[in-house]
Amino acid sequence: MAENAAKPAVGLSDVSIAFRLASGGTYTAVERATLRIADGEFVALVGPTGCGKSTLLNVTAGLVAPSAGRVDIFGSPIAAVNRQAGYLFQADALFPWKTALENVAIGPETSGMPSAEARARAQGWLTRMGLGAFGDRYPHMLSGGQRKRVGLAQVLIRNPKILLMDEPFGPLDAQTRQIMGNLLLDLWSGDRKAVLFVTHDLEEAIALSDRVVIMSAGPAARVIGDWRVPLARPRDISEIKLAHAFHELHRDIWHTLKAEVIKGYAQSEGT
Amino acid sequence: MPRSRLTALQIFVAIIAIALWYLLSTYPVFGKILLPPFFFSNPVDVAQQIIAWFVSGVIWKHLWVTLIESILAFVLGSIGGVLIGFWFARQPRVAAVFDPYVKMINALPRVVLAPIFTLWLGLGIWSKVALGVTLVFFIVFFNVYQGVKEVSPTVLANARMLGMSERQLLRHVYWPSALSWMFSSLHTSVGFAVVGAVVGEYLGSAAGLGYLIQQAEGVFDVAGVFAGMFVLAAFVIVIDAVVSMVEKRLLVWRPLAIPDEV
(Lines give C-alpha, C1' and ligand atoms only; values in the text may rest on other atoms or scores of the structure.)
Protein backbone atom coordinates (compact mmCIF):
# COMPACT_ATOMS: atom_id res chain seq x y z
CA MET A 1 0.00 0.00 0.00
CA ALA A 2 1.19 3.44 -0.83
CA GLU A 3 -0.20 4.68 2.44
CA ASN A 4 1.95 2.16 4.30
CA ALA A 5 5.12 3.46 2.74
CA ALA A 6 4.31 6.94 3.97
CA LYS A 7 3.95 5.81 7.56
CA PRO A 8 6.73 7.22 9.65
CA ALA A 9 9.14 4.87 11.38
CA VAL A 10 8.55 6.72 14.62
CA GLY A 11 5.53 8.85 15.35
CA LEU A 12 5.31 10.57 18.72
CA SER A 13 2.06 12.51 19.12
CA ASP A 14 1.55 14.84 22.10
CA VAL A 15 3.66 12.59 24.30
CA SER A 16 3.91 13.63 27.94
CA ILE A 17 6.03 11.81 30.46
CA ALA A 18 5.59 12.29 34.18
CA PHE A 19 7.13 10.54 37.14
CA ARG A 20 5.71 10.15 40.60
CA LEU A 21 8.11 11.54 43.16
CA ALA A 22 8.88 9.88 46.46
CA SER A 23 7.63 13.04 48.20
CA GLY A 24 4.19 12.48 46.69
CA GLY A 25 4.13 15.04 43.88
CA THR A 26 4.66 14.42 40.21
CA TYR A 27 7.48 15.59 38.00
CA THR A 28 6.67 16.25 34.36
CA ALA A 29 9.79 15.54 32.34
CA VAL A 30 8.39 16.00 28.85
CA GLU A 31 5.19 17.80 27.85
CA ARG A 32 3.26 17.26 24.63
CA ALA A 33 6.20 16.38 22.46
CA THR A 34 5.40 15.62 18.84
CA LEU A 35 8.03 14.18 16.56
CA ARG A 36 7.96 12.17 13.36
CA ILE A 37 10.89 10.30 11.90
CA ALA A 38 10.51 9.02 8.36
CA ASP A 39 11.94 5.66 7.42
CA GLY A 40 15.61 6.10 6.57
CA GLU A 41 15.85 9.49 8.21
CA PHE A 42 18.64 10.44 10.62
CA VAL A 43 17.26 12.75 13.30
CA ALA A 44 19.33 14.28 16.07
CA LEU A 45 17.56 15.33 19.25
CA VAL A 46 19.42 18.12 21.02
CA GLY A 47 18.70 19.83 24.29
CA PRO A 48 20.27 21.05 27.47
CA THR A 49 21.26 18.56 30.15
CA GLY A 50 18.29 17.15 32.03
CA CYS A 51 15.67 18.18 29.45
CA GLY A 52 14.20 14.70 29.16
CA LYS A 53 15.59 13.81 25.77
CA SER A 54 16.83 10.44 27.04
CA THR A 55 13.42 9.84 28.60
CA LEU A 56 11.79 10.53 25.25
CA LEU A 57 14.19 8.02 23.71
CA ASN A 58 13.24 5.44 26.33
CA VAL A 59 9.59 5.98 25.46
CA THR A 60 10.38 5.33 21.81
CA ALA A 61 12.24 2.19 22.88
CA GLY A 62 9.24 1.03 24.88
CA LEU A 63 11.23 0.94 28.12
CA VAL A 64 9.16 3.75 29.66
CA ALA A 65 5.42 4.19 29.14
CA PRO A 66 4.26 7.75 28.39
CA SER A 67 1.68 9.21 30.75
CA ALA A 68 -0.20 10.72 27.84
CA GLY A 69 -0.03 10.75 24.05
CA ARG A 70 0.59 8.17 21.35
CA VAL A 71 3.71 6.35 20.23
CA ASP A 72 3.43 4.70 16.83
CA ILE A 73 6.09 2.55 15.28
CA PHE A 74 5.56 2.16 11.53
CA GLY A 75 1.95 3.11 12.04
CA SER A 76 1.03 0.71 14.83
CA PRO A 77 0.92 1.67 18.50
CA ILE A 78 3.90 0.52 20.53
CA ALA A 79 3.37 -2.52 22.74
CA ALA A 80 5.92 -3.20 25.50
CA VAL A 81 9.51 -3.25 24.23
CA ASN A 82 10.00 -1.89 20.73
CA ARG A 83 11.12 -4.97 18.81
CA GLN A 84 11.88 -2.98 15.67
CA ALA A 85 14.45 -0.85 17.42
CA GLY A 86 18.06 -1.28 18.40
CA TYR A 87 19.30 0.83 21.29
CA LEU A 88 22.85 2.03 21.88
CA PHE A 89 23.19 3.23 25.46
CA GLN A 90 25.32 6.00 26.86
CA ALA A 91 26.61 3.94 29.79
CA ASP A 92 28.33 0.58 29.39
CA ALA A 93 25.63 -1.87 28.52
CA LEU A 94 27.69 -4.85 27.39
CA PHE A 95 27.41 -8.00 29.46
CA PRO A 96 30.63 -7.90 31.48
CA TRP A 97 30.69 -11.68 31.91
CA LYS A 98 30.58 -12.35 28.17
CA THR A 99 33.42 -11.93 25.69
CA ALA A 100 33.12 -9.40 22.88
CA LEU A 101 32.13 -12.19 20.50
CA GLU A 102 29.53 -13.61 22.89
CA ASN A 103 28.16 -10.11 23.45
CA VAL A 104 27.60 -9.59 19.73
CA ALA A 105 26.24 -13.11 19.18
CA ILE A 106 23.72 -12.94 22.04
CA GLY A 107 21.04 -11.09 20.07
CA PRO A 108 20.71 -13.65 17.27
CA GLU A 109 21.16 -16.49 19.77
CA THR A 110 18.26 -15.39 21.94
CA SER A 111 16.04 -15.15 18.89
CA GLY A 112 16.76 -18.77 18.13
CA MET A 113 19.68 -18.81 15.72
CA PRO A 114 22.02 -21.81 16.19
CA SER A 115 25.02 -20.80 18.26
CA ALA A 116 27.65 -21.63 15.63
CA GLU A 117 25.92 -19.54 12.99
CA ALA A 118 25.35 -16.64 15.40
CA ARG A 119 29.02 -16.67 16.33
CA ALA A 120 30.16 -16.75 12.74
CA ARG A 121 27.99 -13.73 11.99
CA ALA A 122 29.18 -12.00 15.15
CA GLN A 123 32.78 -12.54 14.08
CA GLY A 124 31.90 -10.94 10.74
CA TRP A 125 30.49 -7.89 12.53
CA LEU A 126 33.50 -7.58 14.81
CA THR A 127 35.74 -7.67 11.73
CA ARG A 128 33.68 -4.91 10.12
CA MET A 129 34.17 -2.88 13.29
CA GLY A 130 37.92 -3.43 13.09
CA LEU A 131 37.83 -5.71 16.12
CA GLY A 132 38.29 -9.05 14.39
CA ALA A 133 41.14 -10.04 16.68
CA PHE A 134 39.40 -8.96 19.89
CA GLY A 135 36.56 -11.49 19.99
CA ASP A 136 37.83 -13.30 23.06
CA ARG A 137 38.37 -10.17 25.12
CA TYR A 138 36.05 -9.30 27.97
CA PRO A 139 34.61 -5.76 28.00
CA HIS A 140 36.93 -4.55 30.75
CA MET A 141 39.92 -5.43 28.57
CA LEU A 142 38.72 -3.13 25.78
CA SER A 143 39.08 0.65 25.50
CA GLY A 144 36.03 2.92 25.65
CA GLY A 145 35.94 3.28 21.88
CA GLN A 146 36.30 -0.47 21.34
CA ARG A 147 33.47 -1.13 23.77
CA LYS A 148 31.26 1.28 21.83
CA ARG A 149 32.07 -0.53 18.62
CA VAL A 150 31.19 -3.88 20.20
CA GLY A 151 27.95 -2.27 21.42
CA LEU A 152 27.20 -1.00 17.91
CA ALA A 153 27.85 -4.47 16.47
CA GLN A 154 25.63 -5.99 19.17
CA VAL A 155 22.78 -3.73 18.06
CA LEU A 156 23.30 -3.82 14.29
CA ILE A 157 23.68 -7.59 13.99
CA ARG A 158 19.95 -7.83 14.74
CA ASN A 159 19.29 -5.55 11.77
CA PRO A 160 16.77 -3.29 13.54
CA LYS A 161 14.66 -0.95 11.40
CA ILE A 162 15.11 1.86 13.88
CA LEU A 163 18.29 2.83 15.65
CA LEU A 164 18.02 4.68 18.95
CA MET A 165 21.18 6.22 20.35
CA ASP A 166 21.54 7.95 23.70
CA GLU A 167 24.66 10.13 23.61
CA PRO A 168 26.49 7.00 22.57
CA PHE A 169 29.83 8.72 22.07
CA GLY A 170 29.51 10.97 25.11
CA PRO A 171 32.15 9.32 27.27
CA LEU A 172 34.74 9.13 24.46
CA ASP A 173 37.57 11.55 23.73
CA ALA A 174 37.30 13.99 20.82
CA GLN A 175 39.31 11.99 18.25
CA THR A 176 37.56 8.72 19.03
CA ARG A 177 34.21 10.50 18.73
CA GLN A 178 35.04 11.62 15.22
CA ILE A 179 36.18 8.16 14.22
CA MET A 180 33.04 6.63 15.70
CA GLY A 181 30.86 9.25 14.01
CA ASN A 182 32.34 8.48 10.60
CA LEU A 183 32.02 4.76 11.26
CA LEU A 184 28.37 5.25 12.16
CA LEU A 185 27.65 7.28 9.00
CA ASP A 186 29.47 4.71 6.93
CA LEU A 187 27.40 1.83 8.35
CA TRP A 188 24.20 3.84 8.17
CA SER A 189 24.65 4.78 4.52
CA GLY A 190 24.61 1.07 3.67
CA ASP A 191 20.97 0.48 4.55
CA ARG A 192 19.62 3.81 5.85
CA LYS A 193 17.76 2.92 9.00
CA ALA A 194 15.65 5.49 10.79
CA VAL A 195 17.87 6.95 13.49
CA LEU A 196 17.02 8.94 16.60
CA PHE A 197 20.30 10.23 17.96
CA VAL A 198 20.20 12.02 21.31
CA THR A 199 23.08 14.35 22.10
CA HIS A 200 23.81 17.63 23.80
CA ASP A 201 26.57 18.38 21.31
CA LEU A 202 25.11 20.58 18.55
CA GLU A 203 28.13 20.18 16.26
CA GLU A 204 27.88 16.41 16.42
CA ALA A 205 24.14 16.64 15.76
CA ILE A 206 24.51 18.79 12.62
CA ALA A 207 27.44 16.80 11.28
CA LEU A 208 25.61 13.48 11.51
CA SER A 209 21.95 14.10 10.88
CA ASP A 210 19.32 15.04 8.29
CA ARG A 211 17.27 16.93 10.83
CA VAL A 212 18.07 18.56 14.14
CA VAL A 213 15.27 18.77 16.70
CA ILE A 214 15.70 21.06 19.70
CA MET A 215 14.08 20.54 23.09
CA SER A 216 13.59 23.20 25.73
CA ALA A 217 15.05 23.00 29.21
CA GLY A 218 13.09 20.83 31.66
CA PRO A 219 10.89 20.34 33.55
CA ALA A 220 7.99 19.96 31.14
CA ALA A 221 10.37 20.09 28.19
CA ARG A 222 8.85 20.65 24.76
CA VAL A 223 10.07 20.40 21.20
CA ILE A 224 10.87 23.98 20.27
CA GLY A 225 12.64 23.77 16.96
CA ASP A 226 13.16 21.56 13.94
CA TRP A 227 15.84 22.24 11.34
CA ARG A 228 16.65 20.42 8.14
CA VAL A 229 20.38 19.96 7.56
CA PRO A 230 21.15 20.93 3.95
CA LEU A 231 24.53 19.23 3.78
CA ALA A 232 25.33 16.70 1.09
CA ARG A 233 26.16 13.09 1.84
CA PRO A 234 28.45 11.22 2.09
CA ARG A 235 29.98 13.41 4.75
CA ASP A 236 33.24 13.39 6.60
CA ILE A 237 32.67 14.70 10.09
CA SER A 238 35.94 16.54 10.50
CA GLU A 239 35.71 18.17 7.06
CA ILE A 240 32.07 19.08 7.13
CA LYS A 241 32.61 21.21 10.18
CA LEU A 242 34.58 23.60 7.98
CA ALA A 243 31.75 24.09 5.48
CA HIS A 244 30.04 27.47 5.26
CA ALA A 245 26.54 25.97 5.38
CA PHE A 246 27.50 24.14 8.57
CA HIS A 247 28.42 27.39 10.29
CA GLU A 248 25.28 29.20 9.21
CA LEU A 249 23.06 26.42 10.45
CA HIS A 250 25.01 26.13 13.67
CA ARG A 251 24.63 29.87 14.33
CA ASP A 252 20.96 29.65 13.54
CA ILE A 253 20.20 26.74 15.84
CA TRP A 254 22.50 27.92 18.59
CA HIS A 255 20.55 31.17 18.71
CA THR A 256 17.53 29.16 19.90
CA LEU A 257 19.40 26.60 21.92
CA LYS A 258 21.53 29.05 23.87
CA ALA A 259 18.65 30.47 25.90
CA GLU A 260 17.54 26.97 26.85
CA VAL A 261 21.02 25.89 27.81
CA ILE A 262 21.36 28.88 30.11
CA LYS A 263 17.94 28.12 31.60
CA GLY A 264 18.84 24.47 32.07
CA TYR A 265 22.17 25.37 33.62
CA ALA A 266 20.52 27.79 36.04
CA GLN A 267 18.08 25.08 37.08
CA SER A 268 20.69 22.45 37.64
CA GLU A 269 22.84 24.87 39.61
CA GLY A 270 19.97 26.65 41.34
CA THR A 271 18.53 26.00 44.73
CA MET B 1 58.66 -6.72 45.47
CA PRO B 2 59.87 -9.76 43.50
CA ARG B 3 58.13 -13.00 44.35
CA SER B 4 61.25 -14.80 45.62
CA ARG B 5 62.12 -11.99 47.98
CA LEU B 6 58.59 -11.86 49.31
CA THR B 7 58.65 -15.61 50.02
CA ALA B 8 62.03 -15.26 51.72
CA LEU B 9 60.70 -12.52 53.98
CA GLN B 10 57.60 -14.54 54.79
CA ILE B 11 59.73 -17.53 55.80
CA PHE B 12 61.97 -15.21 57.80
CA VAL B 13 58.99 -14.09 59.90
CA ALA B 14 58.13 -17.72 60.67
CA ILE B 15 61.73 -18.49 61.67
CA ILE B 16 61.90 -15.50 64.01
CA ALA B 17 58.58 -16.36 65.64
CA ILE B 18 59.51 -20.01 66.16
CA ALA B 19 62.99 -19.11 67.41
CA LEU B 20 61.53 -16.67 69.94
CA TRP B 21 59.03 -19.27 71.04
CA TYR B 22 61.80 -21.84 71.45
CA LEU B 23 64.14 -19.53 73.36
CA LEU B 24 61.52 -18.09 75.70
CA SER B 25 60.07 -21.49 76.53
CA THR B 26 63.49 -23.14 77.11
CA TYR B 27 65.90 -20.58 78.59
CA PRO B 28 65.12 -18.41 81.60
CA VAL B 29 65.24 -14.65 81.19
CA PHE B 30 66.25 -12.91 84.43
CA GLY B 31 65.80 -16.22 86.20
CA LYS B 32 62.30 -16.79 84.89
CA ILE B 33 60.94 -18.79 81.95
CA LEU B 34 58.56 -16.40 80.23
CA LEU B 35 56.62 -19.07 78.32
CA PRO B 36 56.17 -21.98 80.75
CA PRO B 37 56.14 -25.22 78.73
CA PHE B 38 53.07 -26.41 80.57
CA PHE B 39 51.04 -23.64 78.95
CA PHE B 40 53.01 -22.98 75.78
CA SER B 41 54.77 -26.27 75.06
CA ASN B 42 57.75 -25.71 72.77
CA PRO B 43 58.39 -25.96 69.03
CA VAL B 44 60.39 -29.18 69.29
CA ASP B 45 57.64 -31.10 71.08
CA VAL B 46 55.00 -29.71 68.74
CA ALA B 47 57.05 -30.66 65.67
CA GLN B 48 57.59 -34.15 67.08
CA GLN B 49 53.87 -34.54 67.63
CA ILE B 50 53.07 -33.43 64.08
CA ILE B 51 55.70 -35.76 62.64
CA ALA B 52 54.40 -38.62 64.77
CA TRP B 53 50.88 -38.03 63.43
CA PHE B 54 52.01 -38.08 59.85
CA VAL B 55 54.41 -41.02 60.27
CA SER B 56 51.80 -43.18 61.97
CA GLY B 57 49.19 -41.94 59.50
CA VAL B 58 46.46 -41.25 62.07
CA ILE B 59 46.23 -37.63 60.92
CA TRP B 60 44.98 -38.56 57.41
CA LYS B 61 41.74 -39.95 58.73
CA HIS B 62 41.05 -36.78 60.73
CA LEU B 63 42.00 -34.49 57.84
CA TRP B 64 39.79 -36.48 55.52
CA VAL B 65 36.79 -36.25 57.86
CA THR B 66 37.21 -32.49 58.30
CA LEU B 67 37.65 -32.05 54.55
CA ILE B 68 34.51 -34.02 53.70
CA GLU B 69 32.49 -32.13 56.30
CA SER B 70 33.72 -28.78 54.98
CA ILE B 71 33.00 -29.68 51.36
CA LEU B 72 29.52 -30.97 52.15
CA ALA B 73 28.76 -27.90 54.27
CA PHE B 74 29.99 -25.61 51.50
CA VAL B 75 28.12 -27.35 48.69
CA LEU B 76 24.81 -27.76 50.54
CA GLY B 77 24.96 -24.26 52.06
CA SER B 78 25.75 -22.75 48.66
CA ILE B 79 22.96 -24.57 46.85
CA GLY B 80 20.48 -23.46 49.51
CA GLY B 81 21.82 -19.90 49.50
CA VAL B 82 21.69 -19.59 45.72
CA LEU B 83 18.16 -20.98 45.41
CA ILE B 84 16.63 -19.02 48.29
CA GLY B 85 18.60 -15.88 47.44
CA PHE B 86 17.37 -16.03 43.87
CA TRP B 87 13.81 -16.70 44.91
CA PHE B 88 13.71 -13.85 47.43
CA ALA B 89 15.29 -11.38 45.04
CA ARG B 90 12.77 -12.16 42.30
CA GLN B 91 9.79 -12.23 44.71
CA PRO B 92 10.06 -9.11 46.87
CA ARG B 93 6.84 -10.01 48.67
CA VAL B 94 8.23 -13.33 49.87
CA ALA B 95 11.42 -11.57 50.91
CA ALA B 96 9.46 -8.98 52.87
CA VAL B 97 7.49 -11.66 54.75
CA PHE B 98 10.57 -13.65 55.70
CA ASP B 99 12.81 -10.67 56.34
CA PRO B 100 12.54 -10.58 60.18
CA TYR B 101 13.12 -14.33 60.46
CA VAL B 102 16.16 -14.24 58.20
CA LYS B 103 17.61 -11.46 60.33
CA MET B 104 16.75 -13.33 63.53
CA ILE B 105 18.42 -16.57 62.51
CA ASN B 106 21.40 -14.77 61.07
CA ALA B 107 21.92 -12.85 64.32
CA LEU B 108 21.94 -16.08 66.31
CA PRO B 109 25.45 -17.25 67.28
CA ARG B 110 25.55 -20.50 65.35
CA VAL B 111 27.53 -22.30 68.07
CA VAL B 112 24.41 -22.58 70.23
CA LEU B 113 22.86 -24.71 67.49
CA ALA B 114 25.64 -27.28 67.68
CA PRO B 115 24.17 -29.25 70.62
CA ILE B 116 20.79 -29.35 68.89
CA PHE B 117 22.33 -30.66 65.69
CA THR B 118 24.22 -33.29 67.67
CA LEU B 119 20.94 -34.29 69.27
CA TRP B 120 19.14 -34.47 65.95
CA LEU B 121 21.85 -35.88 63.72
CA GLY B 122 24.11 -37.77 66.10
CA LEU B 123 27.86 -37.57 66.62
CA GLY B 124 28.71 -38.42 63.00
CA ILE B 125 29.63 -35.98 60.23
CA TRP B 126 26.10 -34.71 59.53
CA SER B 127 25.79 -32.64 62.70
CA LYS B 128 29.01 -30.82 61.68
CA VAL B 129 27.83 -30.42 58.12
CA ALA B 130 24.60 -28.89 59.44
CA LEU B 131 26.52 -26.37 61.54
CA GLY B 132 28.68 -25.44 58.54
CA VAL B 133 25.60 -25.11 56.35
CA THR B 134 24.02 -22.57 58.71
CA LEU B 135 27.16 -20.47 58.38
CA VAL B 136 27.72 -20.82 54.63
CA PHE B 137 24.05 -20.44 53.71
CA PHE B 138 23.73 -16.87 54.94
CA ILE B 139 26.88 -15.60 53.26
CA VAL B 140 25.88 -17.07 49.92
CA PHE B 141 22.25 -16.08 50.39
CA PHE B 142 23.00 -12.41 51.05
CA ASN B 143 25.47 -12.22 48.18
CA VAL B 144 23.17 -13.85 45.65
CA TYR B 145 20.29 -11.66 46.81
CA GLN B 146 22.46 -8.58 46.37
CA GLY B 147 23.75 -9.82 43.02
CA VAL B 148 20.27 -10.23 41.58
CA LYS B 149 19.06 -6.93 43.03
CA GLU B 150 22.03 -4.93 41.83
CA VAL B 151 22.12 -5.91 38.20
CA SER B 152 23.03 -2.76 36.30
CA PRO B 153 19.79 -1.19 35.01
CA THR B 154 21.53 -0.34 31.75
CA VAL B 155 22.62 -3.93 31.18
CA LEU B 156 19.09 -5.06 31.99
CA ALA B 157 17.54 -2.52 29.61
CA ASN B 158 20.02 -3.57 26.94
CA ALA B 159 19.08 -7.22 27.41
CA ARG B 160 15.40 -6.31 27.00
CA MET B 161 16.13 -4.31 23.86
CA LEU B 162 18.05 -7.28 22.46
CA GLY B 163 14.80 -9.18 22.66
CA MET B 164 15.39 -11.41 25.68
CA SER B 165 12.44 -13.15 27.27
CA GLU B 166 12.10 -13.41 31.06
CA ARG B 167 13.75 -16.81 31.01
CA GLN B 168 16.63 -15.58 28.90
CA LEU B 169 17.05 -12.63 31.25
CA LEU B 170 17.39 -15.10 34.12
CA ARG B 171 19.97 -17.14 32.29
CA HIS B 172 22.06 -14.40 30.69
CA VAL B 173 21.74 -11.54 33.17
CA TYR B 174 20.50 -12.39 36.67
CA TRP B 175 22.24 -15.73 36.98
CA PRO B 176 25.76 -14.61 35.98
CA SER B 177 25.41 -11.50 38.11
CA ALA B 178 24.33 -13.51 41.15
CA LEU B 179 27.09 -16.06 40.64
CA SER B 180 29.74 -13.38 40.33
CA TRP B 181 28.69 -12.01 43.72
CA MET B 182 28.73 -15.49 45.17
CA PHE B 183 32.19 -16.21 43.80
CA SER B 184 33.50 -12.96 45.17
CA SER B 185 32.64 -14.26 48.65
CA LEU B 186 34.08 -17.70 47.97
CA HIS B 187 36.97 -17.26 50.42
CA THR B 188 34.65 -16.26 53.23
CA SER B 189 32.12 -19.02 52.65
CA VAL B 190 34.74 -21.75 52.28
CA GLY B 191 36.42 -20.45 55.44
CA PHE B 192 33.13 -20.62 57.32
CA ALA B 193 32.50 -24.17 56.08
CA VAL B 194 35.79 -25.18 57.73
CA VAL B 195 34.95 -23.24 60.90
CA GLY B 196 31.58 -25.01 61.11
CA ALA B 197 33.20 -28.41 60.70
CA VAL B 198 35.98 -27.84 63.24
CA VAL B 199 33.78 -26.20 65.88
CA GLY B 200 31.25 -29.00 65.47
CA GLU B 201 33.97 -31.60 65.96
CA TYR B 202 35.32 -29.74 68.94
CA LEU B 203 31.93 -29.79 70.63
CA GLY B 204 31.37 -33.49 70.22
CA SER B 205 32.58 -36.05 67.72
CA ALA B 206 34.72 -39.12 67.17
CA ALA B 207 37.02 -37.87 64.39
CA GLY B 208 38.39 -34.75 62.70
CA LEU B 209 40.86 -32.00 63.49
CA GLY B 210 38.54 -30.41 66.04
CA TYR B 211 38.27 -33.76 67.78
CA LEU B 212 42.05 -34.10 67.82
CA ILE B 213 42.49 -30.70 69.44
CA GLN B 214 39.72 -31.32 71.94
CA GLN B 215 41.23 -34.69 72.94
CA ALA B 216 44.66 -33.19 73.52
CA GLU B 217 43.15 -30.38 75.54
CA GLY B 218 41.26 -32.89 77.69
CA VAL B 219 44.51 -34.42 78.95
CA PHE B 220 46.43 -31.10 79.18
CA ASP B 221 48.57 -32.15 76.24
CA VAL B 222 49.47 -28.61 75.16
CA ALA B 223 51.87 -29.86 72.48
CA GLY B 224 48.96 -31.79 70.97
CA VAL B 225 46.74 -28.70 70.99
CA PHE B 226 49.38 -26.60 69.26
CA ALA B 227 50.15 -29.38 66.80
CA GLY B 228 46.45 -29.63 65.94
CA MET B 229 46.28 -25.87 65.45
CA PHE B 230 49.25 -25.88 63.09
CA VAL B 231 47.86 -28.72 61.02
CA LEU B 232 44.52 -26.91 60.86
CA ALA B 233 46.22 -23.68 59.78
CA ALA B 234 48.14 -25.49 57.02
CA PHE B 235 44.92 -27.21 55.95
CA VAL B 236 43.14 -23.86 55.65
CA ILE B 237 46.00 -22.34 53.63
CA VAL B 238 45.91 -25.23 51.17
CA ILE B 239 42.13 -24.91 50.79
CA ASP B 240 42.44 -21.16 50.35
CA ALA B 241 45.01 -21.65 47.59
CA VAL B 242 42.64 -24.04 45.80
CA VAL B 243 39.82 -21.48 46.13
CA SER B 244 42.08 -18.78 44.67
CA MET B 245 42.79 -20.99 41.67
CA VAL B 246 39.11 -21.72 41.12
CA GLU B 247 38.26 -18.05 41.54
CA LYS B 248 40.85 -17.02 38.95
CA ARG B 249 39.22 -19.30 36.40
CA LEU B 250 35.64 -18.34 37.19
CA LEU B 251 36.08 -14.59 37.28
CA VAL B 252 38.27 -14.06 34.21
CA TRP B 253 35.83 -11.46 32.96
CA ARG B 254 36.41 -9.23 35.96
CA PRO B 255 38.85 -6.37 36.00
CA LEU B 256 41.75 -7.10 38.30
CA ALA B 257 41.71 -5.50 41.69
CA ILE B 258 44.36 -2.96 42.54
CA PRO B 259 47.71 -4.71 42.14
CA ASP B 260 49.32 -5.53 45.45
CA GLU B 261 52.54 -3.81 44.53
CA VAL B 262 52.96 -0.50 46.27
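Residues numbered from 1 in each chain as written. Chains lettered and ligands numbered in written order. Predicted model: local features only at pLDDT ≥ 70, side-chain atom pairs only at ≥ 80, totals over all residues.

**Q** I'd love a proper account of helix H10 (residues 186–203) of chain B, names of residues and values included.
**A** All names here are of chain B. Here H10 spans 26 Å end to end across 18 residues, near enough to the 26 Å set by a 1.5 Å rise per residue. In terms of burial, H10 is largely enclosed, as 14 of its 18 residues are buried. Backbone geometry just after H10 places Gly 204 at a positive phi near 155°. (Helix = DSSP H or I, 4+ residues; strand = E, 2+ residues; numbered from the N terminus. Expected span 1.5 Å × (residues − 1). Buried ≥ 20, exposed ≤ 12 C-beta atoms within 10 Å, placed from the backbone.)

**Q** Requested: an account of the sheet that holds strand S4 (residues 68–73) of chain A, with residues and values cited.
**A** Residue and element names in this part refer to chain A. Taken together, the four strands give an open sheet; going across it, the order is S2-S1-S4-S5, and neighbouring strands pair in antiparallel fashion. Edge positions in the sheet fall to strand S2 (26–37) and strand S5 (76–77), since each of these pairs with one other strand and no more. As defined by bridge partners, strand S1 (residues 10–20) adjoins S2 across eight bridges and the pair is classed as antiparallel. Bridge pairing in S2 places Arg 20 opposite Thr 26. Contacts from helix H2 (residues 53–61) reach S1, S2 and S4 within the one sheet, and its direction differs from that of S1 by about 115°. (Pairing = 2+ DSSP bridges. Contact = placed C-beta atoms within 7 Å. Axes fitted to C-alpha atoms, helices over the stretch in contact; angles between N-to-C directions.)

**Q** Explain the sheet that holds strand S6 (residues 85–88) of chain A to me, using residue names and the numbers behind them.
**A** All names here are of chain A. Read across the open sheet, the six strands follow the order S6-S7-S8-S3-S9-S10; overall the sheet is mixed. In the strand order of this sheet, the two ends are held by S6 and strand S10 (223–228), each with one partner. Along the sheet, successive strands turn relative to each other by an average axial angle of 15°, direction set aside. Pairing between strand S3 (residues 42–46) and strand S9 (residues 211–215): four bridges, direction parallel. From the neighbouring strand, Val 43 faces S9, where its bridge partner is Arg 211. Sitting on the sheet, helix H9 (residues 244–269) touches S3, S9 and S10, and the angle it makes with S10 is about 175°.

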